[in-house]
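# Fold and geometry: a report
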Amino acid sequence: MQKVLIKNLGPIKNAEISIKPFVVFIGRSGSGKSVVMRTISMLKWVYKKMQYKAFLKNSKIKNNAIRFNLTRLRKDSMLDDFIKPDTYIEFFDNDISMIKIENLKIKPNYKSITSKNFINSKIVFLNDSRVALPEILSSAGGRKAKFSYYTSDIIDNFYQATNYSDLNEFKISTLNINLLTRKKDGYKQFFIKKDNDIVKFDSSSSGEKNVSIIELIANFYAKNYDFSESFTKNLIELITNNIDIKNIENIKNHMKKSSFSNSLDIFIEEPEANLFPIDQKNMAYFLSSLGECRNKPNVIFSTHSPYILTALNNLIYAKNIIKEKPKLKNEICNIIDENSLLDFNNLAVYYLDNGDICDILDYETNLINTEQIDKASNIILDDFDKIFNIQNASKYE
């Protein structure tokens, strides 16, 4: 299991985060959810490149293409306002320290990478700018414009997902709509089909845009992404200037001695954005189902929504009951699809507030403790109670 230690990172003062297959960050705006997710994503990207550098070294191939510049990493990850001279970050894999960031320097620990075990990783990050994607894609020149690293990556992921097969219609289950692709005026255009109505993607509702992008990209990577093809492509790019028979033989020999494992991480900022509570439930069920797909992604997302946590508790509770009483499985799976059930042991949920990150799992009930979230509802209801008391008091005047 991987974990991250953080000190003095933007609004976060001190935190230890375990990265399980399903991780949720919840808190108010500005509490640091996105900062933490971008940091974990950046660390995983660095760790991925470290794997390739170690692989080439163990294949006896010299390569200077992989270097880590923290200034560039901070900028690409939108962390340049948050990583300061007093920031300390440490990334662990199986309790072994792999990366440290301190005093504005990054220190990869190559010595701890196992030479015979290569981790082939893919990181997908869907940030909140994704809702602008339909407008970007609405013109032939939209894709050619210059965007931030994350936005450019979302555009590339979206095209890769729609170009993967000959399909020109994709089911979006959360909202029961379809995304259509049509080649028109010399470039690919996108539409939303709902019942018998078809509208341009950029004219669809904000919820439809959000969900379509998440489902399309997440489904592609969870079900169809080819790790072997990606490994070959990345390796060729790294040895382009050193391609010769001897180097190819060295790689083949090292591959025979090595074991390979795949790792897919899908990061999503606020997947519930612009969704009605019932549709938020459907989104939570969809995200949980990704863990049962072929590539078994780790799903890491941020949220403001208590509805998302309530929906996840449904999935955890159902799984708990089936573990206790297997004979009830068929009845429970008539309510919730088996693929969406969520194992409590694979879950981490963190509440961010005032610089702290707290684990809010209840290890007695094996559910998410929603007490902190319920406090917000009580505060909102306080105003109602005050108004009611004023009205009640006026009856006696």
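Everything below is about the structure printed above this text.
To keep things clear, this report deals only with the structure shown in the data block. Since this is a predicted model, take the numbers as computed values, not measurements.

Glancing now at the pattern of salt bridges. One pass over the full model with this rule turns up seven salt bridges. Its salt-bridge partner being Asp 265, residue Lys 44 comes within 3.2 Å of it at the nearest N-O pair. Residue Lys 44 is located in helix α1 (residues 33-58), and its partner Asp 265 is located in strand β12 (residues 259-269); the two are separated by 221 residues in the primary sequence. On the accessibility criterion, Asp 265 (1% relative accessible area) is buried.

Turning our eyes to something else, we now look at the state of the cysteines. The full count for this structure, using the stated rule, is zero disulfides. Cys 333 takes part in no disulfide bond, and the closest cysteine sulfur, belonging to Cys 293, lies 16 Å away.

Size it by volume and the largest pocket reaches roughly 1,200 Å³. Mapped onto the lining of the largest pocket, the elements with two or more residues apiece are α1, α2 (70-76), β7 (117-126), α4 (149-163), α5 (206-223) and α6 (227-238). Per-element accounting of the lining of the largest pocket gives the leading share, seven residues, to α4. Here the residues of the lining of the largest pocket are counted per class, giving 16 nonpolar, nine polar and 12 charged.

Turning our eyes to something else, we now look at the packing of helix α8 (residues 277-289) against helix α9 (residues 306-324). Geometrically, a packed helix pair is captured by the angle between its two axes and the distance between the axes. Where α8 meets α9, the closest approach of the two axes is 9 Å, and the angle between their N-to-C directions is 50°. If you check the angle between α8 and α9, you find them oblique. When the axes of α8 and α9 are compared, the crossing they make is right-handed. The residues of α9 that touch α8, namely those facing Pro 277, Gln 280, Lys 281, Ala 284, Tyr 285 and Ser 288, are Tyr 307, Ile 308, Ala 311, Leu 312, Asn 314 and Leu 315. In the contact of α8 with α9, the residues fall into eight nonpolar, three polar and one charged.

Moving on to the packing of aromatic side chains. One pass over the structure, following the stated rule, counts 23 aromatic pairs. Judged by centre distance (5.7 Å) and plane angle (20°), the rings of Phe 25 and Tyr 350 are stacked. Of this pair, Phe 25 sits in strand β3 (residues 22-27) while Tyr 350 sits in strand β14 (residues 347-353), and the two are 325 residues apart along the sequence. For the residue pair Phe 25 and Tyr 350, the accessibility class agrees, reading buried in each case. By way of ring pairs, the aromatic residues Tyr 52, Phe 55, Phe 118, Phe 231 and Phe 260 are connected into one cluster. Sitting over the ring of Phe 92, Lys 3 keeps its end group 5.2 Å from the ring centre.

Another point: the pairing of β14. Within β14, six of the seven residues are buried, which leaves it mostly tucked inside the rest of the structure. Taken together, the six bridges between β3 and β14 define a ladder with parallel strand orientation. Looking across to β14, one finds that Gly 27 is bridged to Leu 352. Two strands pair when backbone bridges link them, and β14 and strand β15 (residues 356-359) are joined in this way by four bridges, in the antiparallel orientation. Looking at the pairing, Leu 352 lines up with Ile 357 of β15. The loop that links β14 with its antiparallel partner β15 comprises two residues; one of these, Asn 354, has a positive phi angle of about 50°.

Conventions used here
- By convention here, each chain's residues receive numbers from 1 onward along its written sequence.
- Confidence filtering applies because this is a predicted model: local features only for residues at pLDDT of at least 70, side-chain atom pairs given and counted only at 80 or more, and all residues used for totals across whole chains, interfaces and linings.
- Note that water and hydrogens are dropped before the side-chain values are worked out from all heavy atoms of the structure.
- Every case where a carboxyl oxygen of Asp or Glu lies within 4 Å of a side-chain nitrogen of Lys or Arg is listed as a salt bridge.
- Secondary structure elements are taken from DSSP: a helix is a run of H or I of four residues or more, a strand is a run of E of two residues or more, and numbering for both begins at the N terminus.
- To sort residues, take the accessible area from a 1.4 Å probe on protein chains only and compare it with the maximum for the residue type: under 20% means buried, over 50% means exposed, and anything in between is partly exposed.
- Disulfides are defined in this document as cysteine sulfur pairs within 2.5 Å.
- Of the grid points, spaced at 1 Å and generated over the protein atoms alone, those admitting a 1.4 Å probe that cannot get out make up cavities, while open sets with protein on both sides within 12 Å along at least five of seven lines make up pockets; any residue with an atom within 4 Å of a point is treated as lining.
- Grid points are joined across faces, edges and corners, and a volume is the space filled by probe spheres set on the points.
- The classification used treats Ala, Val, Leu, Ile, Met, Phe, Trp, Tyr, Cys and Pro as nonpolar, Asp, Glu, Lys and Arg as charged, and all other residues, Gly among them, as polar.
- Axis definition: a line fitted to C-alpha atoms, limited for helices to the stretch in contact. Angles are taken between N-to-C directions and run from 0 to 180 degrees.
- Note on angle classes: values under 35 degrees are labelled roughly parallel, values over 145 roughly antiparallel, values of 65 to 115 roughly perpendicular, and the remainder oblique.
- The sense of a crossing depends on the near helix, which, turned anticlockwise from the far helix by less than a right angle, makes the crossing left-handed and, turned clockwise, makes it right-handed.
- Contacts between residues were defined by any pair of non-hydrogen atoms, one from each residue, lying within 4.5 Å.
- Stacked, edge-to-face and tilted are the three classes for Phe, Tyr and Trp ring pairs, Trp counted by its six-membered ring, which pair at centre distances within 6.5 Å; planes under 30 degrees apart are stacked, over 60 edge-to-face, the rest tilted.
- In this scheme, the term charge over a ring applies when either NZ of a lysine or CZ of an arginine sits within 6 Å of the ring centre and within 35 degrees of the ring normal.
- Two strands qualify as a pair provided DSSP detects at least 2 bridges between them.

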